[in-house]
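Each chain, letter by letter, is given below.
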There are 2 protein chains.
Amino acid sequence: MHSLHFTAETSSNGVRERDFTVDGVPGVLWSPASGTGRAPLILMAHGGGNHKKSPAMAGRAHRLVTGCGFHVAVIDAPGHGDRPRTPHDEREIAELFRARAAGEPEGPIVVRYNAHLAEQAVPEYRATLDALQELPEIGPGGPVGFFGLNMGTAIGVPFVASEPRIAAAVFGLHWPDALADAARRITVPIEFDLQWDDEHIPRESGLALFDAFASKEKTLHANAGAHKELPRFEVDNAVLFFARHFPRAA
Amino acid sequence: MHSLHFTAETSSNGVRERDFTVDGVPGVLWSPASGTGRAPLILMAHGGGNHKKSPAMAGRAHRLVTGCGFHVAVIDAPGHGDRPRTPHDEREIAELFRARAAGEPEGPIVVRYNAHLAEQAVPEYRATLDALQELPEIGPGGPVGFFGLNMGTAIGVPFVASEPRIAAAVFGLHWPDALADAARRITVPIEFDLQWDDEHIPRESGLALFDAFASKEKTLHANAGAHKELPRFEVDNAVLFFARHFPRAA
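Since we're looking at a predicted model, the values are computed, not measured.

Parameters at a glance
Residues numbered from 1 in each chain as written. Chains lettered and ligands numbered in written order. Predicted model: local features only at pLDDT ≥ 70, side-chain atom pairs only at ≥ 80, totals over all residues. Heavy atoms only, no water. Helix = DSSP H or I, 4+ residues; strand = E, 2+ residues; numbered from the N terminus. Rg over C-alpha atoms; globule rule 2.2 N^0.38 Å. Buried < 20%, exposed > 50% of the residue type's maximum accessible area, 1.4 Å probe, protein only. Contact = heavy atoms within 4.5 Å. Areas by Shrake-Rupley, 256 points an atom, 1.4 Å probe, with all protein chains shown as cover. Pairing = 2+ DSSP bridges. Right-handed = clockwise from strand over helix to strand, strands pointing away. Salt bridge = Lys/Arg side-chain N within 4 Å of Asp/Glu carboxyl O. Least-squares fit on C-alpha atoms with pLDDT ≥ 70 in both. Axes fitted to C-alpha atoms, helices over the stretch in contact; angles between N-to-C directions. Parallel < 35°, antiparallel > 145°, perpendicular 65-115°, else oblique. Left-handed = near helix turned anticlockwise from the far one by under 90°. Lys, Arg positive; Asp, Glu negative; His and termini not counted.

**Re the overall build of chain A**
Part 1 of the argument: When its secondary structure is counted, chain A shows seven helices and nine strands.
Part 2 of the argument: The C-alpha radius of gyration computed for chain A amounts to 17 Å, which stays within 12% of the reference 18 Å derived for 250 residues, consistent with globular compactness.
Part 3 of the argument: Dimensions along the principal axes, computed over C-alpha positions, put chain A at roughly 50 × 40 × 30 Å.
Part 4 of the argument: Burial statistics for chain A: of 250 residues in total, 56% are counted as buried.
Part 5 of the argument: Counting only contacts in chain A whose residues sit at least 6 apart along the sequence, the fraction spanning at least 24 positions is 66%.
Part 6 of the argument: For chain A, the exposed area adds up to about 10400 Å²; of that, 54% sits on carbon and sulfur atoms.

Take a look at the structure:
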C-alpha cells in the first residue's frame, strides 16, 4: 500500500485540481469538476527543467479533462519542481549548460541524465498509479494512458515497457540510445512526435526510436521545425488519440 | 470560359450531390444540403484503378461536408471511372498486372503511368477549379484545398505546385521519382501520409518525398502497416487539418 495524501484542492472552469503526495513525491491530479462515475486516467510526465504544473502540463490536462472527461495526473520528476536537487543533478545540469554554451551536442548528456532520473522515476510512477487506482473515481481496472515528451519519454518508455496497465501512450522528442530496447517491449498503440529539423536529435535517431516500438498500431507525427517548435495542434492530435482508444459514453 | 454542366442531382443525409462535366470531363460536387453563403472548396483526386464516387471519395467528402460545411469535388482521372481507356492505358495496366503476378516491383510502372496521366489531369483540375469558382456558393476568392493519396498525389503534387489558388493540401503514398521537383515548389501547409511498412514504396522513398516539400508547415503521418492499411482515422486527421486552415464561423 502506498501512502496517498491530498494536500490542496481548487476548482475552476470545470476542472478540479488536487495536489497530492505519494510516498512523499508531489503530484497533481486534474479531474472533471462534476464527477459522473469512473473515468480513464492519463498519466503525464513533464519535460526536463520543467515541473508538474508547467503551462504545457496544465494546458494538456485541461484539454483531456474538459474534452474527454478523463483524469490526468503528473508527478514532479526527481530533482524537478518541488523536489530537491542532488549534487549529481547539479553536476549534470551544469554540464548541460556548459555543453550548450560551448556549442557541443547536448544529446549525450541529456540521454545519460534522463536515463538516471528514469531509474528513480519509473517506480514512482508505478506507486502513483497504484495509489490513484484506489480512488473510487478511477478504480483498479479502468483504462490508463501515458503522455510524455522529451524527458517525459525518457521516463515513460521504460515505465510503459514494464507496466501492463498502460493501454496507449503518446511519446516523442528523444534519442534511441537508452530507450530502443525498452521500446521493443512495448506493444500498445502509440503516437510518436518528432521534429523534422530537430537541431539536437538527428532525424535518423528520432526515426530509429519510432521504428523500435513493437506496437502493431503506431503513428509517427513528424513536423517541420526545430526541437522546441512542436506545433500546438499536436495536443489536439494526442487528445484525439486518447479519445479514440478510451471512448466514453457521452 | 470552361463549359460546366450539371447532369444529375440527389440529396441525402444533409449532403447535396451534383454530377457535372467540365469540358466533357465527368465530376461530382458534394455540398451542404442547406446552403448558407460561400464555403471553402476541397478538390480531391482518387487513387489508381478507382473513380470519383468510390467509397473512399464519397466517405471523405461526406466527412468534409457534414463536419466542416465545405464543398468537395472530384473528377474522374483519364482512363478511369466514366472515361474511356486508351490503348496506352490498356498497355500500362496490363504491364502493371504482369509485374504484380510476377512478383516484380510495381513502382517503376506506377510512377511512369501516373506521371503520364497527371500531364492530362493537371489542366483538367485547373479547368474544374475555374468552373467551380464561377458558382456563387464557392466564388472566386475563397479558400481551396487539395486532398489526394496514391495516384491522387501523383496528380496533386504537380497541380498544387502550379496552382496558387490551393492554400493547403493532404498528400501521401507515392514515390519521389517523378514528384520531388514539383514538391520543392510547394510552400503551402501540407499533411503527408506514409505507411511505415509499405511493401511497394521503400521507407526512404516516402520520407524523401515528404522531405522535398518546401512548406514551412508540413506534417508527416507515418503509420505502421502495409501499403493498403492506411488507418481510417487518418481521414479524421485530414478533416482536422482542413478545418484548422479554413476555419468557418459556426
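Still to come is the rest of the account.
**A closer look at the pairing of strand β9 (residues 218–223) of chain B**
Part 1 of the argument: Along β9(B), six of the six residues are buried, which leaves the element largely enclosed by surrounding structure.
Part 2 of the argument: Sheet analysis places strand β9 (residues 218–223) of chain A next to β9(B), joined by five bridges and oriented antiparallel. Paired with L220(A) across the strands is A222(B), a residue of β9(B).
Part 3 of the argument: Both strand β8 (residues 190–195) of chain B and β9(B) contribute to a ladder of six bridges, which runs parallel. Within β9(B), the residue paired with L194(B) across the bridge is A222(B).
Part 4 of the argument: Once you follow β8(B) into helix α6 (residues 203–212) of chain B and on to β9(B), the crossover reads as right-handed.

**Some points on the pattern of salt bridges**
Residues and elements named next belong to chain A.
Part 1 of the argument: Considering all chains together, one arrives at 40 salt bridges over all chains under this definition.
Part 2 of the argument: Of the charged contacts, one joins K52 and D76 as a salt bridge, the two residues approaching to 3.0 Å between their closest N and O atoms. Separated by 24 residues along the polypeptide, K52 in the loop between β4 (41–45) and α1 (55–68) and D76 in the loop between β5 (71–75) and α2 (87–101) bring together distant segments of the chain.
Part 3 of the argument: Its relative accessible area of 7% is what places K52 among the buried residues.
Part 4 of the argument: A relative accessible area of 1% places D76 in the buried class.
Part 5 of the argument: Connected through shared salt-bridge partners, R126, D130, E163 and R165 make up one network.

**A short note on the relation of the copies chain B and chain A**
A rotation about some axis, followed by a shift along it, carries one copy of the chain onto the other.
Part 1 of the argument: In the superposition of chain B on chain A (RMSD 0.0 Å, axial shift 0.0 Å), the rotation amounts to 180°. Read as a symmetry element, the transformation amounts to a two-fold axis. Across chain B, the rotation axis passes nearest the C-alpha of H221(B), at a separation of 2.4 Å.
Part 2 of the argument: A share of 100% of interface residues in chain B that are also interface residues in chain A marks the association as one of identical surfaces.

**Structural notes on the packing of helix α3 (residues 107–132) of chain B against helix α4 (residues 151–161) of chain B**
Residue and element names in this part refer to chain B.
Part 1 of the argument: Between α3 and α4, the shortest axis-to-axis distance is 8 Å and the interhelical angle comes to 60°. If you check the angle between α3 and α4, you find them oblique. Pair α3 / α4 crosses with right-handed handedness. Note on element contacts: α4 touches α3 through M151, A154, I155, P158 and F159, opposite N114, L117, A118, A121, V122, Y125, R126 and L129.

**Some details on the side chain of D89(A)**
Part 1 of the argument: Mapped onto the elements of the fold, D89(A) is located in helix α2.
Part 2 of the argument: Of the side chains bearing the opposite charge, R85(A) lies closest to the buried D89(A), which forms no salt bridge; the N-O distance is 6.3 Å.

The analysis is restricted to geometry; functional conclusions fall outside its scope.
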